[in-house]
Amino acid sequence: MTIFENIIIEGFGSIISPITYKLNNPGLTIIAGPNGAGKTTITNALSWCVWGQLVKPKKSSFVPWPHVIDSTYKGTKVTVNYKKGNSQYQVIRCNDYSGKILGKSGKNRLIVIKDGKELIEEGLRNKADYQKWIINNIGYSFDLFRVSILFSQELDSLMK
């Protein structure tokens, strides 16, 4: 079973400075806050990091909002930490990231770390190969993840 533990978001949507959001709370999770607080940003960051797609692509982007970019902005980096069986995994996805990851510039990379070591296996040559590996390892598709998220606007429509 896959257990998402936390997500670290930097330079994504409304979030510039790194924040960590705990994901392994038992039960139903409700993220509430005013417009622009980062509710959709958290779900989009998780989705973008793991599946390479945004949950709400028509209404949002991973590119930071111009008015929140400041001198600390290094690009976009999202890290998702999860457990599966006895192993600990990290998926790190970057876009134009100038910081270092494992001693190399982040740039536009997709990195998988298993039990503290970068996953480098035969057959994993590019982002597409890593993306397929991640989806297979996690055990469910983007579509299944997307339908498990319910936004308040959709809940209102569902109730009507």
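Here, every reference points to the structure presented above.
Presented here is an overview of the structure given in this document.

Basis of the calculations
- Residues numbered from 1 in each chain as written.
- Predicted model: local features only at pLDDT ≥ 70, side-chain atom pairs only at ≥ 80, totals over all residues.
- Heavy atoms only, no water.
- Buried < 20%, exposed > 50% of the residue type's maximum accessible area, 1.4 Å probe, protein only.
- Helix = DSSP H or I, 4+ residues; strand = E, 2+ residues; numbered from the N terminus.
- Pairing = 2+ DSSP bridges.
- Contact = heavy atoms within 4.5 Å.

### Concerning the pairing of strand β3 (residues 76-84)
Then, number 1: The element β3 is extensively covered by neighbouring structure, given that 7 of its 9 residues are classed as buried.
Then, number 2: Looking at chain direction, strand β1 (residues 2-10) and β3 are connected through 8 bridges and run antiparallel. Pairing of asparagine 6 across the sheet is with asparagine 81, part of β3.
Then, number 3: Strand direction decides the pairing type here: β3 and strand β4 (residues 87-95), joined by 9 bridges, are antiparallel. Counted as the bridge partner of lysine 77 is cysteine 94 from β4.
Then, number 4: What sits between the antiparallel neighbours β3 and β4 is a turn of 2 residues, in which glycine 85 has the positive phi angle 60 degrees.

### Section: the environment of glutamine 53
Then, number 1: Note on placement: glutamine 53 falls in the loop between α1 (39-51) and β3.
Then, number 2: Taking the relative accessible area as the measure of exposure, glutamine 53 reaches 37% and is therefore partly exposed.
Then, number 3: Sequence spacing of glutamine 53 and phenylalanine 142 is 89 residues, and the spatial spacing of their C-alpha atoms is 7.8 Å.
Then, number 4: Every residue in contact with glutamine 53, bar those within four places of it in the chain, is listed here: Asn44, Ser47, Trp48 and Phe142.

### Brief notes about unusual backbone geometry
Then, number 1: One non-glycine residue with positive phi stands out, namely leucine 102, at about 55 degrees.
Then, number 2: Within the element layout of this structure, leucine 102 appears in the loop between β5 (97-101) and β6 (104-107).
Then, number 3: For leucine 102, a relative accessible area of 47% puts it in the partly exposed group.
Then, number 4: Residue aspartate 115 is not a glycine yet carries a positive backbone phi of 50 degrees.
Then, number 5: With respect to the secondary-structure elements, aspartate 115 resides in the loop between β7 (110-114) and β8 (117-118).

### Considering the environment of lysine 39
Then, number 1: You can see lysine 39 is positioned in helix α1.
Then, number 2: Accessibility expressed as a relative area gives 24% for lysine 39, which makes it partly exposed.
Then, number 3: Put simply, lysine 39 and serine 14 are 25 residues apart on the chain and 9.6 Å apart in space, counted from C-alpha to C-alpha.
Then, number 4: Not counting residues up to four positions away in its chain, the partners in contact with lysine 39 are Ile31, Ala32, Gly33 and Pro34.

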